[in-house]
Structures are given as structure tokens and as C-alpha cells.
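Here are the chains, one letter per residue:
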Amino acid sequence: MPGMVVFGRRWGIASDDLVFPGAFELFIRLLWWLGTIILYTYHKGHFDCNGNRVLHIYLIGLLVVLALIILSLCAIVYVSAQGTITNQGSRRSMPTLVYLRALLYLPELLWASLGAVWVSDDGKGCDPATVGAVIAAVVASWIILLFTALGVIFVFDPLGDSRPSVAPVEPLGVRHLESSGGTQFLSTARSLAVKVWESRLRLLCCCLPQDESNRAAFSSISQLVSGFFSDTDLVASDIAAGLALLHQEQDKLERSRDPDGIIDHSPSSPIEEDLESDLTNAVHLMHFAAAAYGWPLYIYSNLLSGPCKLCRDCCRSHSAEYDIVGGDHLGCHFSSILQSTGLHYRDFIHVSFHNQIYEIPFFVSLDHKREFIIVAVRGTLSFKDVLTDLSAECESLPVDGVTGACYTHKGISQAASYIYRKLVNDGILNQAFSIVPYKLVITGHSLGAGAAAVLAILLRSSFPTLKCYAFSPPGGLLSKALADYSKDFVVSVVLGKDLVPRLSLPNMEDLKRKILKIVSNCNKPKYRILLQGCWYELFGGDPDDFPSEMENRREQELSQPLLGEESLLIRHSSSYQSLASDDSPLHTVPHMPLFLPGRVLHIIEDGSTRRFCISQVRYRAEWSNEMAFRSILISPRMLVDHMPDTLLRALESLTRDKPYALCPPISNQSQHNIV
């Protein structure tokens, strides 16, 4: 629901968000009140020490203040638990209760000061237990006041006084929020939002040089982030509740579908032979993609043996045997690469740990076992890499012989161009091919996978036989024309419900639309949604059937947005789609769709994804395509499946447990319908 409006501004918290913090504070206050009652009753109101009158007044006043606070918290928790996310009528009294609770901080502050004065002046002659209890009460008061101040800072919305008020009685097609004064107001609000996000990014990146390139990156990222939820009035807990509901809705739909049939192929089948060859290469090259992360991933993957192995080599100097370009003064990164790949110093042509926005680390090595010249690109590991990821607008990438729109992710395209210039202009590839005439193979994971795919496109004309293995690449990477063009030489490997291969601007807009729809339709209070959602994520079970506003609506009414759904909109947005079908003429795509590169090899876990830690996991592999990743799937494994060590274990398990299940390619007409 919209953020709560108190003290003349909108805050980043809703009136139904106070159930859990209010209940927690209520529990603490009750224990505190009971402890004070016991202390006062034990001494029967008489204290044989200096300042006993002050102590008596302090305890009586503390009991009264705590009682008033407890009553106010009971009212806040009760009122906050009423209604639904969009139906806030039963919570109209919440601002008044918040004002009352804020007013009670004044006597609490006064009594905490009085207790501190008594302890410092008159508490020396009293019973140590009594003095300790008063000290504990004073410390608890100051801790609660401190956390309250931090909470206020946390939920403070810098744009809280710039949100337009929306009348919830007119249908979306009647309101003219983009006209006259409304347009000017919204334009001012968007401009302010961009400035706020730019300031945040500059603060986070205060150690980076504030040159023109970085300022341009901050500006483009700020426009992207500030504009994403600018047409809605949601708080963080609304999004969390929407994700919990959406996960259960997706699981219900998945369980209702018939399991995909697995088609066995004869040993001579071209599909099986092709898949087996690509899987074998993928397992081998995934070690190189993971090695590019350097010592952090190596230590994480080898907690017991990794530190000991690296300590022997970290401080050695091998600068005469390979070229390092910054970022690895002790040699720990390179030592971990040697351990992960099993290669020798002489097998490396170039190793670069230089890292800036649009400039990511990579290395070039000779793999004599497979007769590959391998270019491995590192994925996201630093905040500079995150900024490269977030530069997600489209950038033109013209390619000879490709018809149609040729666009790619700007940040990744810039990173690939940086590596291309290093490889070609600095003669790194010429040096490698002058040593051995092996096949050029490019690989990487996550951000590195996207950069590797774009780099392969850039190098394709000069090296027609090159191959690229992209592990968990970003979904919003290539336009359809470039994605089709890359199918001849790029293989994307995706594990399970990995979030990143499904992450693109159109998919994020689609996720926002689904969150708006499912949140506004649910008739349960938010605290119950979050509690049941946490239980479902941790322990599984059957997805909950949440009652909906839509249950008794006539079919012809479903083309209009619900009142609750519309109340979450500040202005009409081209990214917003009401309850009409996807073919509705009202639905337009605000961002150019970008897709995964090349052919997509999807590794799927057989059986339930909820299992005990000691249970054995079996996987199957199938050829999919980029159209199957146009929706974000909510799952506890959406981040775990993206981790390079998890993907490597899945690939090793898949190739070790032969014969593995092989599935045919998914045709364009057989896409799954994901909620």
C-alpha cells in the first residue's frame, strides 16, 4: 500500500508494517514492566539508601510510562494487523497512534535522564541489585531510543514530500495524470529522484575517480533505478509480500502441469553426441571461468585446504614469467588461478586484474590438453562490476552480415570492447597464436559470461572457428538478431531457476506488473502473507490458496484494473498492464527486449528442489532457447543456482553420473506459461 503519511511527509513504511516491530517492542516492554513491578514489590516501596525519594519517584514514574507505552503498542499492533495491503480503511487511526507513541518518547527520555542522575549521585549506598536494575533500565531506555532514531533514518524517504496524491475513485482511463500541472509535478519528482540516486551512488563510490566516464555511468544508472518504481506507490514490505505470493502461485502452476517427457536418444543420435561434447567442454571450461574470480572464490570453495595451498605461493614473485596489470601485488589471485586450472606459469600469455567501471579482469592461457587458447573473463566481484551490470540500457553493436536490430547491454558491451582492444591492439592473441595454432575459446561466468559472448561476436570475423561457453550469462544481453547470429558459436549454460539469465528490463517490468496484480488481489493482511511466506520458503509444504478479490467478479469486468491495483499507481505507465491479456492493445513494451546469447543448455534438478543436505542430487540437461527465460521465477535457489561453485558441482555431477538424461530442444511453440 502507499507509504504512511505522518509529520507532513510520506515515509518508506506502510501502516500495516508495524505488526512485527510493534510486537517485538511490546514483548520487551512487558518483560521490563514485570521486572520493575517485582523490584518495587520486593522492597515494598521503601528503599534504605541515599536518594530513596528520588528512586521511589523514578520507579513509580517508570511503571506509569511503561504502562502507557504498552497500551499504545497494543493499539498499534492491533490496528496495523487489520485490513489488507490495499484496503487501509480499517487503519485510518494509525497516524494518530504514531503521534501518541512519538509523544511518549519525551517522558521516557526524561525518566532515563532521571535514572542516570540517580545512579551517578545517590546510588552508591543502595543495594547492588537495585542499582544494577536501575542501570539496566536506563541502558535499555537509551538503546531503544537509539534504535528508534536509526529506524526513523532507515524509513526516511527523501522523496516523501514529492509524491502526488491520487484520487482512488476514477478509473485509470479517465484520469489525466500526465496533463498540465500533473506533468510538471511528475517531471520535477522524477528529476529529484535521479538526483537523490546520483548522490547515493557518489557516496557509495567515493573512492572512485570522479571523472567524466564515471559520472556518465552514475547518471544512467540513477535514471534506470529511480524510474523503475516511479509509477507505483509501494514500500519494501509490499514487494516482499508480492514475491512471497508470486512464488507460491508459480509453484502451484508448476505442480499442475504434467512433467516434461524425457526422450531417450540412441548413442548415435546427433543431439546426444552434440550435448555430450558440449557438456564435457563445459565442465572443463567452467574451471577457468571460476578461476577468473581469483582467491576469494577459491578460498570459499576450499575452506579447509585453500588457505594453506595459497599461503605457500602468495608472496612469491613471478613477474618475469607472466604479465600482471595491477590488482594482485601479492600474487594470491594468480596462485589461485594456477590451483584451479592445473596449468603452469609458462601456459599464461596475459593476466590482467585491472578493474574499473566498464573494465573487468581477464586472462589468456594455453590449454595444451584440449588444444585451446582460452580467454577467461571474470564475473561480478567488486562494486565497480555492479555498476557495469547496472548500466543496462541498449547500445548499438552493428555486425557485418546480420540483418535486423543489433543492440546489446551497454555496460557489458563496453567491458567486452575494452578486452577486445587489449587482445587485438596489444597483440596478445597474435602472441598466443604465434606459439601454438590452437582453437580460440572464450569463457566466463555471470558478467564475465556476457562479456565473453559479446567479445566472441566482435572476434568472430577474425577467428571464424572460435567458440564461446557462457556460464549463467545475463538475460538482457543481446537483441534477437544478435542472439540468433551467436547460436553458431556460443553455448549458454544455465542451472535451474538461476535469476541472472532471466534478468532483463522487460522481465523486471513484467515482475513489477505481476507484483502489483497479486498484491492488490490478495485479501489477507500483510503480516500473515509474510509469516506464511517465510514458513513456505524455509520448510516447504503446499502453496497457500490466498482468497482474491477476483473470485466473484464477472468475466467482462476483468479487463478493468481492480480498485486496489489502481491505488498502487501514481501515474499511467506503459510498463503497466491491468488484468487484460498480454495481447491487449494497452500493453506496450517500454524497453527493447534483450535475450540470452547462443544456444541455451539448461541443467535441471530432477525431483523436488526441497531436500535434505545429505540427499544426493541428480540433474538432467536439455537444449532450451532464449524465449524460455522471459519470466523471472521466484525460488529459494534463484541466487544459489547462480553461484559458480554450485554450477560447477552440477556440471561435474551431470557428467559423472552417466548415462545422463537428454532432452530435445524446446521449440518456440512450446514455451512454458509462467505466472
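So, the overall build of the chain
No. 1: For the chain, the count of helices and strands is 21 helices and 13 strands.
No. 2: The 675 residues of the chain split such that 51% are buried.
No. 3: When contacts within the chain are restricted to residue pairs at least 6 apart in sequence, those whose partners lie at least 24 apart make up 75%.

A short note on the packing of aromatic side chains
Two descriptors summarise a pair of aromatic rings, namely the distance from one centre to the other and the angle between the planes of the rings.
No. 1: Within the structure shown, the criterion is met by eight aromatic pairs.
No. 2: The interplanar angle of 80 degrees and the centroid separation of 5.0 Å between the aromatic rings of phenylalanine 7 and tyrosine 99 together place this pair among those described as edge-to-face. With phenylalanine 7 in the loop between strand S1 (5-6) and strand S2 (9-10) and tyrosine 99 in helix H3 (residues 94-103), this residue pair connects regions lying 92 residues apart in the sequence.
No. 3: When its relative accessible area of 53% is taken as the criterion, phenylalanine 7 is described as exposed.
No. 4: Accessibility expressed as a relative area gives 38% for tyrosine 99, which makes it partly exposed.

Concerning the nonpolar core
A general feature of soluble globular proteins is that nonpolar side chains tend to end up buried together.
No. 1: Counting residues in hydrophobic clusters, the biggest one holds 47 residues, and the most contacted among them are Val375, Leu423 and Leu459.
No. 2: Elements with a minimum of two residues in this core: strand S4 (362-367), strand S5 (372-377), helix H14 (410-425), helix H15 (428-435), strand S8 (439-445), helix H16 (447-459), strand S9 (467-471) and helix H17 (480-485).
No. 3: Looking at this core element by element, the count peaks at 10 residues for H16.
No. 4: Among residues more than four places away in sequence, those in contact with leucine 459 are Tyr420, Leu423, Val424, Leu429, Leu440, Ile442 and Leu466.
No. 5: Within the second largest apolar cluster, 42 residues are counted, among which are Ala282, Tyr345, Ala650 and Leu651.

Some points on unusual backbone geometry
No. 1: The backbone of glutamate 371 sits at a positive phi, close to 60 degrees, despite the residue not being glycine.
No. 2: Along the chain, the position of glutamate 371 falls in the loop between S4 and S5.
No. 3: Its identity is not glycine, yet serine 472 carries a phi of approximately 55 degrees, on the positive side.
No. 4: With respect to the secondary-structure elements, serine 472 resides in the loop between S9 and H17.
No. 5: Classification of serine 472 by relative accessible area gives buried; the value is 0%.

A look at the side chain of serine 15
No. 1: Following the sequence through the fold, serine 15 ends up in the loop between S2 and helix H1 (19-42).
No. 2: On the basis of relative accessibility, which here comes to 4%, the residue serine 15 falls in the buried class.
No. 3: In this structure the side chain of serine 15 is engaged in a polar contact, spanning 2.8 Å, whose partner is the side chain of arginine 91.

A word on a nonpolar patch on the surface
No. 1: Together, Ile135, Val139, Ile143, Leu146, Phe147, Leu150 and Ile153 line one region of the surface with nonpolar side chains, adding up to about 670 Å² of accessible area.
No. 2: By secondary structure assignment, the location of leucine 150 is in helix H5 (residues 128-155).

A look at helix H4 (residues 105-121)
No. 1: Spanning 17 residues, H4 covers 24 Å between terminal C-alpha atoms, matching the ideal 24 Å at 1.5 Å per step.
No. 2: Looking only at H4, the buried set comprises Tyr105, Glu108, Trp111, Ala112, Gly115 and Trp118. With its buried residues spanning 145 degrees around the axis, H4 presents them on a single face. Projecting away from the buried face of H4 at angles above 90 degrees are the exposed residues Leu106, Leu110 and Asp121.
No. 3: Next to the buried residues of H4 lie H1, helix H2 (52-80), H3 and H5.

Description of the pairing of S9
No. 1: Counting buried positions along S9 yields five of five residues, so the element is predominantly enclosed.
No. 2: Neither face of S9 is open: one carries Lys467, Tyr469 and Phe471, the other Cys468 and Ala470, and all of them are buried.
No. 3: Judged from the five bridges that link them, S8 and S9 form a sheet pairing that is parallel. Residue pairing in the sheet places histidine 445 in a bridge with phenylalanine 471 of S9.
No. 4: What joins S8 to S9 is H16, and the crossover it makes is right-handed.

Notes on the environment of tyrosine 298
No. 1: Residue placement: tyrosine 298 occurs in helix H10 (residues 295-301).
No. 2: Take tyrosine 298: its relative accessible area is 8%, and that puts it in the buried class.
No. 3: Expressed as a C-alpha distance, the spacing of tyrosine 298 and serine 336, which sit 38 residues apart in the sequence, is 6.2 Å.

Focus on the environment of valine 5
No. 1: Examined against the element boundaries, valine 5 turns out to sit in strand S1.
No. 2: With 89 residues separating them along the chain, valine 5 and methionine 94 place their C-alpha atoms 9.8 Å apart.
No. 3: Apart from residues lying up to four places away in sequence, valine 5 is in contact with Arg10 and Pro95.

Quick look at the confidence of the model for the chain
Note: predicted coordinates in regions of low pLDDT should not be interpreted at a detailed level.
No. 1: Here the chain averages 79 in pLDDT, and 73% of its residues register 70 or above.
No. 2: Here strand S13 (residues 661-663) is the element of the chain with the lowest mean pLDDT, 48, and S9 is the one with the highest, 97.
No. 3: Within the model, the stretch residues 162-180 combines pLDDT values under 50 with 37 contacts to residues more than four positions away or in other chains.
No. 4: Across residues 549-563, where pLDDT falls below 50, the model places 24 contacts with residues more than four positions away in sequence or in other chains.

A word on the pattern of salt bridges
No. 1: For the structure shown, the criterion picks out 24 salt bridges.
No. 2: Among the ionic pairs, aspartate 251 bridges to lysine 497, the shortest N-O distance being 3.9 Å. Of this pair, aspartate 251 sits in helix H8 (residues 236-256) while lysine 497 sits in the loop between strand S10 (490-495) and helix H18 (505-521), and the two are 246 residues apart along the sequence. Across this residue pair, the class does not change: aspartate 251 and lysine 497 are buried.
No. 3: Overlapping salt bridges bring together Asp16, Asp17, Arg91, Asp238 and Lys526 as one network.

Overview of the packing of H14 against H16
No. 1: Look at H14 against H16: their axes get within 8 Å of each other, and the N-to-C directions meet at 55 degrees. Between H14 and H16, the crossing angle belongs to the class labelled oblique. Between H14 and H16 lies a crossing whose hand is right-handed. For the pair formed by H14 and H16, the contact residues are Ile412, Ser413, Ala416, Ser417, Ile419, Tyr420, Leu423 and Val424 on the first element and Leu447, Gly450, Ala451, Val454, Leu455, Leu458 and Leu459 on the second.

Quick notes on the packing of H8 against helix H19 (residues 526-539)
Axes are the key here: two packed helices are described by the angle between their axes and the distance separating the axes.
No. 1: Interhelical geometry of H8 versus H19 gives an angle of 50 degrees and a closest axis separation of 9 Å. It follows that H8 is oblique to H19 by the angle criterion. The crossing of H8 and H19 is left-handed. Along the contact surface, H8 presents Ser237, Asp238, Ala240, Ala241, Ala244, Leu245, His247, Gln248, Asp251 and Arg255, while H19 presents Lys526, Ile529, Leu530, Gln532, Gly533, Tyr536 and Glu537.
No. 2: For the contact of H8 with H19, the class distribution of residues is seven nonpolar, five polar and five charged.

Conventions adopted
- Residues numbered from 1 in each chain as written.
- Predicted model: local features only at pLDDT ≥ 70, side-chain atom pairs only at ≥ 80, totals over all residues.
- Heavy atoms only, no water.
- Helix = DSSP H or I, 4+ residues; strand = E, 2+ residues; numbered from the N terminus.
- Buried < 20%, exposed > 50% of the residue type's maximum accessible area, 1.4 Å probe, protein only.
- Contact = heavy atoms within 4.5 Å.
- Phe/Tyr/Trp six-rings, centres within 6.5 Å; stacked < 30°, edge-to-face > 60°.
- Core = buried A, V, L, I, M, F, W, Y, C linked by side-chain atoms within 4.5 Å.
- Polar contact = N/O pair within 3.5 Å; in protein donor to acceptor, adjacent residues only side chain to side chain.
- Patch = residues over 30% accessible without salt bridge, like charges linked within 9 Å, V, L, I, M, F, W, Y side chains within 5 Å.
- Areas by Shrake-Rupley, 256 points an atom, 1.4 Å probe, with all protein chains shown as cover.
- Salt bridge = Lys/Arg side-chain N within 4 Å of Asp/Glu carboxyl O.
- Expected span 1.5 Å × (residues − 1).
- Arc of directions from axis to C-beta.
- Pairing = 2+ DSSP bridges.
- Right-handed = clockwise from strand over helix to strand, strands pointing away.
- pLDDT = per-residue confidence, 0-100.
- Axes fitted to C-alpha atoms, helices over the stretch in contact; angles between N-to-C directions.
- Parallel < 35°, antiparallel > 145°, perpendicular 65-115°, else oblique.
- Left-handed = near helix turned anticlockwise from the far one by under 90°.
- Nonpolar A, V, L, I, M, F, W, Y, C, P; charged D, E, K, R; others polar.

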